[in-house]
Amino acid sequence: MVVLALIVLFLLQKLDFLHFIPSLPDNVQSTPYTPEQSVDDDRFHWKKLPLRYPVSSYAHLPKSNAKLPQVQHAFGHESTEEATIRQKRQKEVKRVLQRCWSSYREHAWLSDELAPVTGSKKDTFGGWAATLADTLDTLWIADLKDEFHDGVEALLDIDFTKISQGEINVFETTIRYLGGFIAAFDLSGDRRLLDKAIEVAEMLYIAFDTPNRMPITRWNVKDAAAGKPQLAGEGVLVAEIGSLSLEFTRLAQITRNDKWYDCIDRIMQVFDRQQGSSNIPGMWPLVVNARTQDFASGDHFTLAAMADSLYEYLPKMYALLGGSSMYAKMYEDAMSTAIQETVFKPMVPDNADILLSGNARSDRRGESQLQPQGQHLVCYAGGMLALGGRLLKNETHIELGRKLTDGCIWTYEATPLGIMPEVFDMMPCGLGSKCPWDEAKWKSSVLEKASQDSGADASEVIKHERLPPGFTSISDRRYILRPEAIESVFLLYRITGDPLLQEKAWQMFTNISKYTETEFANAALRDVTDPSAPKDDSMESFWTAETLKYFYLIFSEPDLISLDKFVFNTEAHPFRRP
Ligand SMILES: *[C@@H]1O[C@H](CO)[C@@H](O)[C@H](O)[C@H]1NC(C)=O
Ligand SMILES: CC(=O)N[C@H]1CO[C@H](CO)[C@@H](O)[C@@H]1O
């Protein structure tokens, strides 16, 4: 029996050995890596599709020997008591993750999403098992290795040449699938995941096959596969065209193939060249023209929705490349403008020293107007400024990042459910200026937002709209299981070591898990100001990919996925820093 067991063990190890080569990324490989998968059969393969506009020479992946500053706080020894509390909390996060995962397995296996209220399933991102692809690395990190290995096996049957939707979102496919496979490979070293990443990347590469090599961001895959002509879009969101860089750069590093770096470098060069030419120099408008490569005309500017990860990726590219003067300059120029033009201090009842990041409008160079809006989505900005501040040695950015993060924490605590709404407005004080709480001012601002004349009864509006003090309107009351607030709380914790952030994270987690829990998993909330409001039948893959991962990691030992070894893409997939 023992001998048999030993033989089985030996065989298992041999089998593993075929797939697992964790050292591949950095030292073993000197020639480009090609997947094992053959494309010489009769099936359709994206790689076999002839390029209409081939590239004559590739931009090279830059090499840097710079030693970047340490990002993480130098954590000291933890007491037994502290460890006990932390581990108890982490176990609770893991329990929620396991519950959602089992439910997905039982009711929605290999679909994109579980529908958490009805226990059914839906396809929302190409029909290639988005939740599975997106959650693999979380399973690995949370030490659910059996679930991870089962997931990888199942994934091998997902065929990226099978298209269930006509049009796909290139950005979403890149950050969720490509990013998910790269991170799962970077963590596990399982080569089959790298092959899967390349399979997705070969498909996405065809979206770049346009006359000026700018990608089509909302891309008709069926037409592309049929060889129809392609042109880049005339109105594309900057977040969608501007945040493909981290994923393709990491793929270029792992495979030693410049092709993957070249395709995103062409985009980022355009952003770099035109950064000073917009109405608010330093920032880019929300929508740009990829066909004419005009990235400067437009009048809406923000760090929030539809632009967000364009900015987020600037310091992250700096980290991934091990330093880069181009990305350092782009980040610094963008932030000095954004801090001036979009960040504001809101007037709040406890006079808390917090900041929010709003939007700016400018139809003339040199003139701009602040729209004092808050969004859950822009809560990532605090973490970005803290990370960028560490990497580029700017303490002011770290302080601003903390105040922006405190703004998100404050907003969570202000609502009846202890969860921040999607979109709302507050009254701005102007950066740096003192502004003591003034109830009369707040009420007149509420009336103004509600388009009522100043003689109307503000208390009625406040009651009817269920506005917590300080909020002047709430235009989207949902909480859709988003990660951005805990993302910044996590980053700030790892960067500053402040234990108060763990307490705040725990408070967020208990409220979120309490109010979003369903019979099957967790669901989006329709109204965070009303405990009796119904839930939506939706659990996007970022819940298990991002939100629960960051909650798990803030209660882990600080060297699990250290920020000095990894950089997270905008879907919370950690890529190994060279
Ligand atoms: C930090 O950033 C701010 C605003 O972006 C800038 O004004 C300041 O000069 C920077 N400080 C350092 C030390 O680079
Ligand atoms: C509204 C609500 O339920 N808030 C709770 C959030 O969680 C903390 C504990 O972590 C409670 O003290 C709050 O009452």
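See the structure shown above.
Residues numbered from 1 in each chain as written. Chains lettered and ligands numbered in written order. Predicted model: local features only at pLDDT ≥ 70, side-chain atom pairs only at ≥ 80, totals over all residues. Heavy atoms only, no water.

S.K.: Can you help me understand the overall build of the protein chain in this one?
M.R.: Broken down by element type, the protein chain carries 20 helices and 16 strands. Radius of gyration (C-alpha) of the protein chain: 24 Å, near the 25 Å computed for a compact globule of 578 residues. Each of the 578 residues in the protein chain was classed as buried or not, and the buried ones make up 58%. In the form shown here, the protein chain has an accessible surface area of approximately 23,400 Å², with 51% of it arising from carbon and sulfur atoms. Measuring between centres, the 61 positive side-chain charges of the protein chain sit 2 Å from its 80 negative side-chain charges. (Helix = DSSP H or I, 4+ residues; strand = E, 2+ residues; numbered from the N terminus. Rg over C-alpha atoms; globule rule 2.2 N^0.38 Å. Buried < 20%, exposed > 50% of the residue type's maximum accessible area, 1.4 Å probe, protein only. Areas by Shrake-Rupley, 256 points an atom, 1.4 Å probe, with all protein chains shown as cover. Lys, Arg positive; Asp, Glu negative; His and termini not counted. Charge placed at Lys NZ, Arg CZ, Asp CG, Glu CD.)

S.K.: What am I meant to see in the pairing of strand β10 (residues 359-364) here?
M.R.: Across a regular strand the side chains alternate sides, sitting on one face of the sheet and then on the other. Here strand β7 (residues 300-302) runs beside β10; their pairing, made up of three bridges, is antiparallel. Directly across from T302, in β10, lies its bridge partner N359. Following β10, the chain reverses through two residues before pairing antiparallel with strand β11 (residues 367-371); G366 in that reversal takes a positive phi of roughly 90 degrees. (Pairing = 2+ DSSP bridges.)

S.K.: What is the right way to read the packing of helix α11 (residues 258-274) against helix α13 (residues 325-341) from this model?
M.R.: Helix packing for two helices is described by the angle between their axes and how far apart those axes are. One way to put it is that α11 packs onto α13 with a least axis distance of 11 Å and a crossing angle of 45 degrees. When the axes of α11 and α13 are compared, the pair comes out oblique. In this structure, the crossing between α11 and α13 has a hand that is left-handed. On α13, the residues touching D265, M268, Q269, F271 and D272 of α11 are M326, Y327 and M330. The residue makeup of the contact of α11 with α13, split by class, is five nonpolar, one polar and two charged. (Axes fitted to C-alpha atoms, helices over the stretch in contact; angles between N-to-C directions. Parallel < 35°, antiparallel > 145°, perpendicular 65-115°, else oblique. Left-handed = near helix turned anticlockwise from the far one by under 90°. Contact = heavy atoms within 4.5 Å. Nonpolar A, V, L, I, M, F, W, Y, C, P; charged D, E, K, R; others polar.)

S.K.: Which parts of the structure should I look at to understand the packing of aromatic side chains?
M.R.: A ring pair, where both rings are aromatic, is described by two values, the distance of the centres and the angle of the planes. Per the stated rule, a full pass over the model turns up 26 aromatic pairs. Measuring from centroid to centroid gives 5.3 Å for F271 and W284, while their planes differ by 85 degrees, and the two rings are edge-to-face. Residue F271 is found in helix α11, and its partner W284 is found in the loop between α11 and β6 (287-288); the two are separated by 13 residues along the sequence. Note on accessibility: F271 and W284 belong to one class, buried. (Phe/Tyr/Trp six-rings, centres within 6.5 Å; stacked < 30°, edge-to-face > 60°.)

S.K.: Can you help me understand the site of ligand 2 in this one?
M.R.: Ligand 2 sits among P416, L417, G418, Q507, T510, N511, K514 and Y515. Measuring from an oxygen atom of ligand 2, one finds a side-chain N or O atom of K514 at 3.3 Å. For ligand 2, an oxygen atom lies 3.2 Å from a polar atom in the side chain of Y515. When ligand 2 is considered free in solution it has 370 Å² of accessible area, and contact with the protein chains removes 54% of it. (Near = heavy atom within 4 Å. Polar contact = N/O pair within 3.5 Å; in protein donor to acceptor, adjacent residues only side chain to side chain.)

S.K.: Please explain the nonpolar core as it appears in this structure.
M.R.: Nonpolar side chains in soluble globular proteins tend to end up buried together. In this structure, M203, W219, F248, F271, L303 and Y311 are the most contacted members of the largest nonpolar core, which totals 184 residues. A total of 11 residues in this core trace back to one element, the largest contributor, which is helix α6 (residues 170-188). Not counting the four nearest positions on each side in its chain, F248 is found in contact with T174, L178, A201, L204, F208, W260, Y261, C263 and I264. (Core = buried A, V, L, I, M, F, W, Y, C linked by side-chain atoms within 4.5 Å.)

S.K.: Is there a simple way to think about the pattern of salt bridges in this case?
M.R.: Should their charged atoms come close, side chains of opposite charge can pair. This structure, assessed with the given rule, holds 43 salt bridges. Of the charged contacts in the structure, one is a salt bridge between E422 and R482, with a shortest N-O distance of 2.6 Å. Here R482 lies in the loop between β14 (471-476) and α18 (484-496) and E422 lies in the loop between α15 (395-414) and β13 (423-426), a separation of 60 residues in the sequence. A residue is classified by how much of its surface remains accessible, and E422, at 8% relative accessible area, is buried. A salt bridge links E439 to K443; its shortest N-O distance comes to 3.2 Å. Remark: K443 and E439 occur in helix α16 (residues 439-449); sequence separation between them is four residues, near one turn of the helix. (Salt bridge = Lys/Arg side-chain N within 4 Å of Asp/Glu carboxyl O.)

S.K.: Honestly, the sheet that holds strand β12 (residues 373-375) in this entry has me stumped. Any pointers?
M.R.: Strand pairs in the sheet, formed through backbone hydrogen bonds, run parallel or antiparallel to each other. Read across the open sheet, the three strands follow the order β12-β13-β14; overall the sheet is antiparallel. Looking along the sheet, the strands with just one partner apiece sit at the ends: β12 and β14. With strand direction ignored, the average angle separating the axes of adjacent strands in the sheet is 25 degrees. Here three bridges tie β12 to β13, and the two strands are oriented antiparallel to one another. Residue pairing in the sheet places G374 in a bridge with F424 of β13.

S.K.: Any chance you could explain the site of ligand 1 here in plain terms?
M.R.: In the vicinity of ligand 1, the contacting residues are S336, I339, N394 and H397. Within the side chain of N394, a nitrogen or oxygen atom sits 2.3 Å from an oxygen atom of ligand 1. One of the side-chain nitrogen or oxygen atoms of H397 is found 2.9 Å away from an oxygen atom of ligand 1. About the coverage of ligand 1: the protein hides 43% of its 360 Å² of free accessible area. Partitioning the shell around ligand 1 into residue classes produces one nonpolar, three polar and no charged.

These results come straight from atomic positions and should not be treated as a statement about function.
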